[in-house]
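Observations on chain architecture
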Amino acid sequence: MASPRSDPLTREVVDLIGAVVARYHAEYEQAAAEQALTAAQAKVLGLLTAEALPMRRIAEKLTCEPSNVTGIVDRLEARGLVERRADPQDRRVKLAAPTEEGASTAGRLRDSLEFAREPLAQLSPDERRVLRDLLKRMLGDGPERSQR
């Protein structure tokens, strides 16, 4: 008997997830390029529209080195899309935050992403909730936190 990790259904699901991720990344890179951003710059800008963050926290969220984030933020700041400001909790820490133009650019980027939105629109709200809960469960964030 095949193990749960190598059965045909599991392989098919893994392949389908891979195809979805590849299509999303391709569209995301194209949408970023249309805003004259790299994919990494677009990801950082998108993160910052949710909340101002220190470089170390951005690096944790992107699973990369803080020095890489510093370079990305430097380039975004040079374009007027991001600014650095003192953290009100700890003045020694600098937070990166989007400027008005940065937030507007991130909004245009988000609005241009059709791939994720169009296939999901074919699912009912209940089906989208089930999919969300299953994905969160796969990532170790159980459905009890999905009710937000």
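Since the model is a prediction, treat every value here as computed from it, not as a measurement. (Residues numbered from 1 in each chain as written. Predicted model: local features only at pLDDT ≥ 70, side-chain atom pairs only at ≥ 80, totals over all residues. Heavy atoms only, no water.)

1. Some thoughts on the pattern of salt bridges
Short version of the rule: Here, a salt bridge means any side-chain nitrogen of Lys or Arg that lies within 4 Å of a carboxyl oxygen of Asp or Glu. Throughout, exposure labels follow a simple rule: accessible area from a 1.4 Å probe, protein chains only, divided by the maximum for the residue type, with under 20% read as buried, over 50% as exposed, and the rest as partly exposed.
In this structure the tally under the stated criterion is eight salt bridges. The salt bridge involving R92 is made with D90; its shortest N-O contact spans 2.9 Å. By relative accessible area, D90 is classed as partly exposed at 24%. A salt bridge links D133 to R132; the shortest N-O distance between them is 3.0 Å. Given the relative accessible area of 28%, R132 is considered partly exposed.

2. Examining the sheet that holds strand β3 (residues 94-98)
Backbone-to-backbone hydrogen bonds pair the strands of a sheet. The strands run either parallel or antiparallel. Short version of the rule: Whether two strands pair depends on DSSP finding at least two bridges between them. For helices the rule is a DSSP run of H or I covering at least 4 residues; for strands it is a run of E covering at least 2, with both sets numbered from the N terminus onward.
Strand order in the open sheet made by the three strands is β1-β3-β2, with antiparallel pairing throughout. The sheet is open, and its two borders are formed by β1 (53-54) and β2 (82-86), each paired with just one other strand.

3. Some points on a nonpolar patch on the surface
Our working definition: Patch definition: residues with relative accessible area over 30% and no salt bridge; like charges joined within 9 Å; nonpolar side chains (Val, Leu, Ile, Met, Phe, Trp, Tyr) joined within 5 Å. Accessible areas in this description were obtained via Shrake-Rupley with a 1.4 Å probe; residue shielding takes into account the shown protein chains only.
A grouping of L9, V13, I17, V21, L120, L131, L135, M138 and L139 is seen on the molecular surface, where their side chains present a nonpolar patch of about 830 Å² in accessible area. Of the residues forming the nonpolar patch, the biggest block, four residues, is contributed by helix α1 (residues 8-34). Relative to the assigned elements, M138 resides in helix α7 (residues 125-138).

4. Here's the deal with the nonpolar core
For clarity, the threshold we go by: The nonpolar core is taken to be a set of buried Ala, Val, Leu, Ile, Met, Phe, Trp, Tyr and Cys residues, with the residues joined through side-chain atoms within 4.5 Å. The contact criterion used throughout is that any non-hydrogen atoms of two residues lie within 4.5 Å.
Among the nonpolar cores identified, the biggest contains 23 residues, and I58 and V73 are the most heavily contacted of them. At the level of secondary structure, the elements contributing two or more residues to this core comprise α1, α2 (39-50), α3 (55-62), α4 (66-78) and α5 (100-112). With five residues, α2 is the largest single contributor of residues to this core. When residues no more than four places from it in sequence are discounted, the contact partners of I58 are V44, L47, L48, L53, V69, V73 and A96.

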